[in-house]
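Spelled out from the first residue to the last, the chains are:
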Amino acid sequence: MLRHRGHVARLYPTTVQASKLDGQAHTARALWNLLHEWYTWGDGGRSARRPSKAEMDRQIREARTHPLRGYEWLATLPAQSTQQVLKEYLRAL
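Residues numbered from 1 in each chain as written. Predicted model: local features only at pLDDT ≥ 70, side-chain atom pairs only at ≥ 80, totals over all residues. Heavy atoms only, no water.

Draft legend 1. How the structure looks around the environment of P13. Relative to the elements of secondary structure, P13 occurs in the segment before α1 (15-40). Separated by 79 residues in sequence, P13 and A92 place their C-alpha atoms 30 Å apart. Not counting residues up to four positions away in its chain, the partners in contact with P13 are A18 and L21. (Helix = DSSP H or I, 4+ residues; strand = E, 2+ residues; numbered from the N terminus. Contact = heavy atoms within 4.5 Å.)

Draft legend 2. Quick look at the packing of α1 against helix α2 (residues 53-65). The contact between α1 and α2 brings their axes to 13 Å, and the two run at 135°. Taken as axis vectors, α1 and α2 run oblique relative to one another. α1 and α2 meet at a crossing whose hand is right-handed. Residues L31, L35, W38 and Y39 of α1 form the contact with α2, whose own contacting residues are E55, M56, Q59 and I60. (Axes fitted to C-alpha atoms, helices over the stretch in contact; angles between N-to-C directions. Parallel < 35°, antiparallel > 145°, perpendicular 65-115°, else oblique. Left-handed = near helix turned anticlockwise from the far one by under 90°.)

Draft legend 3. Representation of the side chain of T27. One can find T27 in helix α1. Since its relative accessible area comes to 7%, T27 is described here as buried. (Buried < 20%, exposed > 50% of the residue type's maximum accessible area, 1.4 Å probe, protein only.)

Draft legend 4. Region of the structure containing the packing of aromatic side chains. Applying the stated criterion across every chain yields a total of three aromatic pairs. With centroids separated by 6.0 Å and ring planes inclined at 40°, the aromatic side chains of Y71 and W73 adopt a geometry described as tilted. Residue class for Y71 comes out partly exposed when judged on its relative accessible area of 37%. The exposure class of W73 is partly exposed, given its relative accessible area of 27%. (Phe/Tyr/Trp six-rings, centres within 6.5 Å; stacked < 30°, edge-to-face > 60°.)

None of the figures reported here should be taken as evidence of function without further support.
Written out as structure tokens, the structure is:
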């Protein structure tokens with residue numbers, strides 16, 4: 001029998017750290033919603049041409065480094081986190 005063992009560690013962030021973590025969590029959720037809107041836009045129940053993972057990754061990187069007006073908040077999320085949100089979103093589909 002294969003056993004999976006995990007390690008549990010509690011975090012006790014300061015109020016500044018907790019605020020930053022909360023902001024990043026909100027940004028990750030907003031990115032998920034944007035990915036969903038982008039991926040399903042114009043679908044209308046039929047199979048439309050959807051962007052590839054590479055194209056989505058490229059555009060997310062571009063949006064983080066050169067954000068459009070109103071999307072500056074994307075830069076608050078670390079690059080690894082944005083890639084993980086994209087990976088989890090595609091896996092969830």
